[in-house]
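Summary of the model geometry
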Amino acid sequence: MTHTVLDSLPAADSGTAAVYDRIGVGYSAVRRPDPRWAALIRESLGDARTVLNLGAGSGAYEPEGLQVIAVEPSLEMRAQRAAGSAPCLAGRAEDLPFDDRTFDAAMAVLTVHHWSDLEAGIAELLRVADRFAVVTYDMDVQADYWFTRDYVPEIADAERSRVPSLERITTLLGPCEVAELPVWHDFTDGFMTAFWRRPAAYLEPAVRRACSAFALTDPAAVERGVARLRADLDSGAWHRRYADLLERDHIDAGFRLLTGTSRQAAAGTEAAS
């Protein structure tokens, strides 16, 4: 595997990097970008030619055919970038070595909840790019997800301690469009709620390892919940209780695509003052 890693950024945040250096092993085998989300994210970038990908991980959802620079603090995640992927800087979203408006667009997909300083990271995102596409999730929706609600409610407590609310993110971004990102029953990106119609997947340790929500929740609580799920699958109780899910094509799991321009953000800040 060959990939380009650049070392011009300040040292990566040890907390975020350490988490993914630990849980990121095997990540790209489970977290395969879903083409439907990829198309929606690419569409949101409009006519951008240069793109900065913040918290880029293994490179999921980076648009093809554009000039992309990635930023990722975790060595393990950078090592999983595919051959031919965009150049990747070892560093943090909160401190970028780029001039103002260096990029046509900045993207941040399922990463802002890992940033050590959300306000600084979003300020940098708005400073270096003309427009943005941010994918995050609403914990008010995810807390009511069947696996969290009925099997491991401790996940919601752990997630609420680190996942910023939509209100806070949109306040920092300024005026922006908020669109739902559906999760289809055959979704390929194996984050926690991707398996809403495939419950047996939660019994697989490799699936759980690829999701930070599991890694950052009390392991004993996770094991108890998984044991209850295994028993319910064996007895048929799960299929009786959630039979309606088996008829659905997709769900709203709380994922949101936030888009806008830095000019709109600046105008919103001036209006607020």
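Turning to the overall build of the protein, a few remarks are in order. Assigned secondary structure in the protein consists of 14 helices and ten strands. The buried share of the protein, taken over its 273 residues, is 53%. Within the protein, contacts between residues at least 6 apart in sequence are counted, and of these 75% link residues at least 24 apart. Counting only carbon and sulfur atoms, one obtains 51% of the accessible surface of the protein, whose full area is about 12100 Å².

Further remarks concern the packing of aromatic side chains. Counting across every chain of the model gives 21 aromatic pairs. Plain terms: the ring middles of Trp-146 and Tyr-202 are 5.8 Å apart, the flat faces sit at 80 degrees to each other, and that makes the pair edge-to-face. Of the two residues, Trp-146 sits in helix H7 (residues 146-150) while Tyr-202 sits in the loop between strand S8 (183-184) and helix H10 (205-209), which places them 56 residues apart along the sequence. By relative accessible area, which is 5% here, Trp-146 ends up buried.

Right, let's get into helix H12 (residues 219-235). For H12, which comprises 17 residues, the first-to-last C-alpha distance of 24 Å matches the rise-based estimate of 24 Å (1.5 Å per residue) to within 8%. Within H12, the full set of buried residues consists of Ala-221, Val-222, Gly-225, Val-226, Leu-229, Asp-232 and Leu-233. Seen end-on, H12 carries its buried residues on one side only, within an arc spanning 130 degrees. Opposite the buried face of H12, by more than 90 degrees, sit the exposed residues Pro-219 and Asp-234. Residues of H12 that are buried sit in contact with H7, helix H8 (154-160), H10, helix H11 (212-215) and helix H13 (237-241). The first or second residue beyond H12 is Gly-236, which carries a positive phi of 90 degrees.

This paragraph deals with the nonpolar core. By size, the foremost hydrophobic cluster in this structure holds 53 residues, and its most contacted members are Trp-37, Trp-146, Phe-147, Val-183, Tyr-202, Leu-229 and Phe-255. The biggest single contributor to this core is H12, with five residues. Not counting chain neighbours up to four residues away, the residues in contact with Trp-146 comprise Tyr-151, Phe-195, Trp-196, Pro-199, Tyr-202, Leu-229, Trp-238, Tyr-242 and Leu-245. One finds Leu-54, Phe-98, Phe-103 and Ala-108 within the second-largest nonpolar core, a separate group that totals 24 residues.

Among the seven residues of strand S5 (residues 103-109), six are classified as buried, and the element is accordingly described as predominantly covered. Where strand S2 (residues 50-54) lies against S5, four bridges are found, and the strand directions are parallel. Paired with Leu-52 across the strands is Ala-106, a residue of S5. For the segment spanning S5, helix H5 (residues 118-128) and strand S6 (residues 129-137), crossover handedness is right-handed.

Of the residues in the protein, 85% reach a pLDDT of 70 or more, and the chain-wide mean stands at 88. Every residue in residues 1-14 scores below 50 in pLDDT, and together they form 43 contacts with partners more than four places removed in sequence or on other chains.

In this structure, Pro-33 sits in the loop between helix H2 (27-30) and helix H3 (35-44). As for Pro-33 and Glu-62, which are separated by 29 residues in sequence, their C-alpha atoms are 9.4 Å apart. Excluding residues that lie within four positions of it along the chain, Pro-33 makes contacts with Ala-60, Tyr-61 and Thr-188.

This part is about the side chain of Thr-193. Residue position: Thr-193 is located in the loop between S8 and H10. A residue is classified by how much of its surface remains accessible, and Thr-193, at 2% relative accessible area, is buried. When neighbours within four sequence positions are excluded, Thr-193 is seen to be in contact with Gln-142, Tyr-145, Val-183, Tyr-202, Ala-253 and Phe-255.

Right, let's talk about the environment of Tyr-61 for a bit. For Tyr-61, the position within the fold is in the loop between S2 and strand S3 (67-72). Leave out the neighbours within four places in its chain, and Tyr-61 touches Pro-33, Asp-34, Trp-37, Ala-38, Ile-41, Met-107, Val-109, Phe-187 and Asp-189.

With that settled, the discussion passes to helix H9 (residues 166-173). Within an α-helix, residues lying three or four positions from one another point in the same direction, as the helix has 3.6 residues per turn. Three or more residues of H9 are buried, namely Leu-166, Ile-169 and Leu-173. The buried side chains of H9 occupy one side of the element, clustering within an arc of 70 degrees when seen end-on. Looking at H9, the residues exposed on the side facing more than 90 degrees away from the buried face are Glu-167 and Thr-171. Among the residues trailing H9, Gly-174 stands out with phi positive, at a value near 85 degrees.

In this structure the tally under the stated criterion is 16 salt bridges. With its nearest N and O atoms 2.9 Å apart, the salt bridge here joins Arg-127 to Asp-100. With Arg-127 in helix H5 and Asp-100 in the loop between strand S4 (88-90) and S5, this residue pair connects regions lying 27 residues apart in the sequence. In this structure, the salt-bridge partner of Asp-140 is Arg-160, at a minimum N-O distance of 3.2 Å. With Asp-140 in helix H6 (residues 139-142) and Arg-160 in helix H8, this pair connects stretches of sequence that are 20 residues apart. Several salt bridges converge on common partners, so that one network encompasses Asp-34, Arg-36 and Asp-186.

What counts as what
Residues numbered from 1 in each chain as written. Predicted model: local features only at pLDDT ≥ 70, side-chain atom pairs only at ≥ 80, totals over all residues. Heavy atoms only, no water. Helix = DSSP H or I, 4+ residues; strand = E, 2+ residues; numbered from the N terminus. Buried < 20%, exposed > 50% of the residue type's maximum accessible area, 1.4 Å probe, protein only. Contact = heavy atoms within 4.5 Å. Areas by Shrake-Rupley, 256 points an atom, 1.4 Å probe, with all protein chains shown as cover. Phe/Tyr/Trp six-rings, centres within 6.5 Å; stacked < 30°, edge-to-face > 60°. Expected span 1.5 Å × (residues − 1). Arc of directions from axis to C-beta. Core = buried A, V, L, I, M, F, W, Y, C linked by side-chain atoms within 4.5 Å. Pairing = 2+ DSSP bridges. Right-handed = clockwise from strand over helix to strand, strands pointing away. pLDDT = per-residue confidence, 0-100. Salt bridge = Lys/Arg side-chain N within 4 Å of Asp/Glu carboxyl O.

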